[in-house]
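Residue strings, one per chain:
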Amino acid sequence: MRILHTSDWHLGHTLRGEVARDHEHQAFLAWLLATCVREAPDVLLITGDVFDSATPTASAERMWFEFLAAARRAHPMEIIAIAGNHDSPARLGASSSVLRELGVHVIGSLPRRADGAIDLERVLIPVAAGRGLVAAVPFLRPVDLGAQDDALEAVYGEVLAGARARRGRHQALIATGHLYVAGADAQFLSERRVSVGGQESAPLRLFPDDLSYVALGHVHRAQRVGRETIRYAGAPIPLALDEASYRHQVVVADFAGDRAVEIRAVPIPRAVEIVRVPKRGDFFKRAQSGDLGEKAKQERNRFPMKHPYALGMRPLIFDMVPLQGTRHKMQSTGIGGDLSDPQANADAIKALGYYLGADFVGICRAEPWMYYSHDEIEGKPLDAYHDYAVVMLIDQGFETMEGASGDDWISASQSMRAYMRGAEIAGVMAAHCRRMGFSSRSHTNAHSEVI
């Protein structure tokens, strides 16, 4: 028996609420259809978040139903889809009775009988002429769980106990889930954690060793968790800019009897790449280089220098560039005491920034797309070399800006004063981090490798 496992399509998704992804989803679905024909799976498993919203657009629903119809025409496989936390259980499952007649099983919510017990006849789905049994558990909402202690484990325990009672000799038993399992690397957490039964993460013991394969959804980064047979298929396209480095894939698993004998990832080609911007593409650099015409080039070199105050600060700002720091890893020096507590370290860095005179200090991930792709001098590639960023805001002095037109010496001088102050604070903080053995580099108005 062969299954093809995919997840987290998020049909109808828009990037930052602005950029529609229909073209990318259509390209993925066309590729998936061709892959199903080529790989010839007995079962296609879709483990949640078919849609990006509980109220998907008409175009998103059209893509879903057109894919199901095309897939059933192209290859005689069974299709099982569970709802994720983004899906509406009622909406996704509304057509389940009709789809079931076509060999498509959609589990929107956990079905229960009149006596409150789980309706195992609907959750346990024999596949591949009885060679496999799928325990199709969807994303579990409070209404699915009830108020009992350890409700999540109780649900999976009841479903798997029923599956074992029905399981034939040498029959592969496959369980599904849409949740965050302890030990999974969500990395950037664009796939926000959700609480299931009061738990943010599900224990691995939820999936005992007698399961042939566990098909998971929710985490967008494809990976195995705990053992080879527990897999997140991952999202088929980047659903946030910080997912640009993800290797998108579907998982194909082959079984001999009740054992998975081969599990392999099939990479998904990208229809649209997420690209980084070269520093030469910065509009200040383009103006300075004459790309935008002679007038822009002239004003770019003139506007900060309208008064001796601004002109006098410029050399001081640029003289600090050689002291900005390193891109390379460093060894801890032991200075600074116990640095094992990330929260204490973050608090200390912020406190230092405020002590040195910053008006606001924050810490965030330095996503790869935040870095320029190439430098502006020789066009050399730039790596995204640091994982985290300390971000500071400097108040330029609004009290005098009120009387400035933005085109006079007051605004230019205040800007240069803020640039100089920011370069000094960032430089001291970066040097402090390096002294303790942490790779650190400041990025300033005079020289920056981040956008």
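Cut-offs and rules
Residues numbered from 1 in each chain as written. Predicted model: local features only at pLDDT ≥ 70, side-chain atom pairs only at ≥ 80, totals over all residues. Heavy atoms only, no water. Helix = DSSP H or I, 4+ residues; strand = E, 2+ residues; numbered from the N terminus. Buried < 20%, exposed > 50% of the residue type's maximum accessible area, 1.4 Å probe, protein only. Contact = heavy atoms within 4.5 Å. Areas by Shrake-Rupley, 256 points an atom, 1.4 Å probe, with all protein chains shown as cover. Lys, Arg positive; Asp, Glu negative; His and termini not counted. Charge placed at Lys NZ, Arg CZ, Asp CG, Glu CD. Axes fitted to C-alpha atoms, helices over the stretch in contact; angles between N-to-C directions. Parallel < 35°, antiparallel > 145°, perpendicular 65-115°, else oblique. Left-handed = near helix turned anticlockwise from the far one by under 90°. Nonpolar A, V, L, I, M, F, W, Y, C, P; charged D, E, K, R; others polar. Salt bridge = Lys/Arg side-chain N within 4 Å of Asp/Glu carboxyl O. Expected span 1.5 Å × (residues − 1). Pairing = 2+ DSSP bridges. Core = buried A, V, L, I, M, F, W, Y, C linked by side-chain atoms within 4.5 Å. Disulfide = S-S within 2.5 Å.

Participant: Teacher, can you tell me more about the overall build of the protein here?
Facilitator: Scanning the protein from terminus to terminus reveals 13 helices and 16 strands. If you line up the protein on its principal axes, its C-alpha atoms span 85 × 55 × 40 Å. Every one of the 451 residues in the protein was classed for burial, and the buried ones make up 46%. For the protein, long-range pairs separated by at least 24 residues make up 71% of all intrachain contacts whose partners lie at least 6 apart in sequence. Of the roughly 22,000 Å² that the protein leaves accessible, carbon and sulfur atoms contribute 54%. For the protein, the distance from the average position of its 50 positive side-chain charges to the average position of its 55 negative side-chain charges is 4 Å.

Participant: Help me understand the packing of helix α1 (residues 22–39) against helix α2 (residues 58–74), please; the structure alone is not making it clear to me.
Facilitator: Viewed as axis vectors pointing N to C, α1 and α2 meet at an angle of 15°, and their least axial separation amounts to 10 Å. With respect to their mutual orientation, α1 and α2 come out roughly parallel. Crossing of α1 against α2: the hand is right-handed. Here D22, H25, Q26, L29, L32, L33 and V37 of α1 lie close against α2, whose contacting residues are S59, M63, F67, A70, A71 and A74. Here the residues of the contact of α1 with α2 sort into nine nonpolar, three polar and one charged.

Participant: What exactly am I supposed to notice about unusual backbone geometry here?
Facilitator: Both trends apply: most residues other than glycine have a negative phi, and most peptide bonds are in trans. If you check the backbone angles, D8 has positive phi at about 50° while not being a glycine. Among the structural elements, D8 can be located in the loop between β1 (2–6) and β2 (14–15). For D8, a relative accessible area of 0% translates into the label buried. Positive phi outside glycine occurs at A129, with the angle close to 55°.

Participant: What is the right way to look at the pattern of salt bridges in this model?
Facilitator: Considering all chains together, one arrives at 22 salt bridges under this definition. The shortest N-O distance in the salt bridge between K380 and E378 comes to 3.2 Å. It is possible to trace a salt-bridge network through shared partners that takes in R2, E39, D254 and R264.

Participant: Would you explain helix α7 (residues 151–166) in this entry?
Facilitator: Note: α-helices contain 3.6 residues per turn, so residues at a spacing of three or four share the same orientation. The terminal C-alpha atoms of α7, which comprises 16 residues, lie 23 Å apart, in line with the 22 Å expected from a rise of 1.5 Å per residue. If you follow the buried residues of α7, they end up packed against α5 (120–123), β7 (124–127), β8 (132–135), α6 (142–145) and β9 (172–178).

Participant: What exactly am I supposed to notice about α2 here?
Facilitator: For α2, which comprises 17 residues, the first-to-last C-alpha distance of 24 Å matches the rise-based estimate of 24 Å (1.5 Å per residue) to within 8%. Where the residues of α2 are buried, they touch α1, β4 (43–47), β5 (78–82), α3 (89–93), α4 (96–100) and β6 (104–107).

Participant: Before we go on, may I ask you to explain the sheet that holds strand β13 (residues 249–256) in this structure?
Facilitator: Across a sheet, strands are paired by hydrogen bonds formed along the backbone, either parallel or antiparallel in direction. Read from one edge to the other, the open sheet built from six strands follows the order β6-β5-β4-β1-β13-β14, with strand pairing classed as mixed. One side of each edge strand has no neighbouring strand; the edge strands of this open sheet are β6 and β14 (259–267). Each adjacent strand pair in this sheet contributes to an overall mean axis angle of 15°, direction not counted. For β13 and β14, the ladder comprises eight bridges, and the chain directions are antiparallel. In the sheet register, Q249 faces β14, and the bridge partner there is P267. Relative to β1, α1 is tilted by about 170°, and along the sheet it contacts β1, β4, β13 and β14. Along the sheet face, α2 touches β4, β5 and β6 and points at about 155° away from the line of β5.

Participant: How should I be thinking about the nonpolar core in this particular structure?
Facilitator: Most often, soluble globular proteins have nonpolar side chains that are buried together. Of all hydrophobic cores here, the largest spans 33 residues; its most connected members are L140, Y156, V159, L179, F207 and L216. For this core, the secondary-structure elements that each account for two or more residues are α5, β8, α7, β9, β10 (213–217) and β12 (227–232). Ranked by residues supplied to this core, first place goes to α7 with seven residues. Residues W31, C36, M63 and F67 belong to the second largest nonpolar core, which totals 30 residues.

Participant: How should I be thinking about the environment of D395 in this particular structure?
Facilitator: As for its position among the elements, D395 is in the loop between β16 (388–393) and α12 (398–401). Residue classification places D395 among the partly exposed positions, given a relative accessible area of 47%. Placed 102 residues apart in sequence, D395 and G293 show a C-alpha to C-alpha distance of 32 Å. Excluding anything up to four places from it in sequence, D395 contacts D359 and R421.

Participant: I'm lost on the sheet that holds β10 in this one. Help?
Facilitator: On the basis of which strands lie adjacent, the open sheet formed by six strands has the order β7-β8-β9-β10-β12-β11 and mixed pairing. In this open sheet, the two edge strands, each paired with only one partner strand, are β7 and β11 (223–225). On average, each strand axis in the sheet is tilted by 30° relative to the strand beside it, whichever way the strands run.

Participant: How should the state of the cysteines be read in this particular structure?
Facilitator: Here a disulfide denotes one covalent bond, and it connects the sulfur atoms of two cysteines. Applying the stated criterion across every chain, the model contains zero disulfides. Not part of a disulfide, C433 finds its nearest cysteine sulfur in C364, a span of 14 Å. A relative accessible area of 16% places C433 in the buried class.

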